[in-house]
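Inside the fold
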Amino acid sequence: MKTLIAVLLICGGVWLFHTGWLRRDSIKGITQSALASAARRFDGETRVPEHTWYMIAGGLSVLAGIGVLYSGRKG
């Protein structure tokens, strides 16, 4: 069961990261990055484009899956 959960986390994380990567290169991603940069210059608040959150969530999910996969094993 633990292996199934780990594989699902890894596959889901890869899918999320890939979705964020594709969105980064799209017109929507480029526009979000430009608007976030302009808003940052205007008021100084930190803004993160949506595709960045997808990539962060995907990376963390892959790391969690690897952690679940190797947790409890004695080396």
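What follows covers the pattern of salt bridges. According to the stated counting rule, one finds three salt bridges in the structure shown. Linking Asp 25 and Arg 24 is a salt bridge whose minimum nitrogen-to-oxygen distance equals 3.6 Å. Using a relative accessible area of 48% as the deciding quantity, one classes Asp 25 as partly exposed.

With respect to the helices and strands, the residue Ser 61 is situated in helix 3 (residues 50-70). The class for Ser 61 is buried, based on a relative accessible area of 16%. With residues up to four places along the chain from it excluded, the contact list for Ser 61 reads Leu 9, Ile 10, Gly 12 and Gly 13.

Taken N-terminus to C-terminus, the directions of helix 1 (residues 2-25) and helix 3 make an angle of 160°; their axes are 7 Å apart at the nearest point. Relative to helix 3, the element helix 1 lies roughly antiparallel. Once helix 1 is placed against helix 3, the crossing between them reads as left-handed. The class makeup of the residues in the contact of helix 1 with helix 3 is 15 nonpolar, 10 polar and four charged.

Counted according to the given criterion, the structure contains one aromatic pair. Ring geometry for Phe 17 versus Trp 21: centroids 6.1 Å apart, planes at 25°, classification stacked. Of this pair, Phe 17 and Trp 21 both sit in helix 1, separated by four residues, roughly a single helical turn. Over the aromatic face of Trp 21 sits the side chain of Arg 24, whose NZ or CZ is 3.8 Å from the ring centroid.

Procedures and definitions
Residue positions are counted from 1 within each chain, in the order its sequence is given. Per-residue local features of the predicted model are confined to residues with pLDDT of at least 70, and side-chain atom pairs are confined, for both listing and counting, to 80 or more; whole-chain, interface and lining totals are unaffected and use all residues. Note: side-chain values were computed over all heavy atoms of the structure, leaving out hydrogens and water. Any carboxyl oxygen of Asp or Glu that lies within 4 Å of a side-chain nitrogen of Lys or Arg is treated as forming a salt bridge with it. Whether a residue is buried, partly exposed or exposed follows from its accessible area with a 1.4 Å probe, protein chains only, as a fraction of its type maximum: under 20%, in between, or over 50%, in that order. A run of H or I in DSSP counts as a helix once it spans at least four residues, and a run of E counts as a strand once it spans at least two, with each numbered from the N terminus. In this analysis, two residues are considered to be in contact whenever any of their non-hydrogen atoms come within 4.5 Å of each other. To get an axis, a line is fitted to the C-alpha atoms, and for a helix only the part in contact is used. The angle between two axes follows their N-to-C directions and goes from 0 to 180 degrees. Angle categories are assigned with fixed cut-offs, so that under 35 degrees is roughly parallel, over 145 is roughly antiparallel, 65 to 115 is roughly perpendicular, and the rest are oblique. By convention the crossing between two helices is left-handed if the near helix lies anticlockwise of the far one by an angle smaller than a right angle, and right-handed if it lies clockwise. Residues were grouped as follows: Ala, Val, Leu, Ile, Met, Phe, Trp, Tyr, Cys and Pro as nonpolar; Asp, Glu, Lys and Arg as charged; and all remaining residues, including Gly, as polar. Pairing of aromatic rings covers Phe, Tyr and Trp, the last counted by its six-membered ring, and requires centre-to-centre distances within 6.5 Å; plane angles under 30 degrees mean stacked, over 60 mean edge-to-face, and any other angle means tilted. By the criterion adopted, a ring carries a charge over it if an Arg CZ or a Lys NZ lies within 6 Å of its centre and within 35 degrees of its normal.

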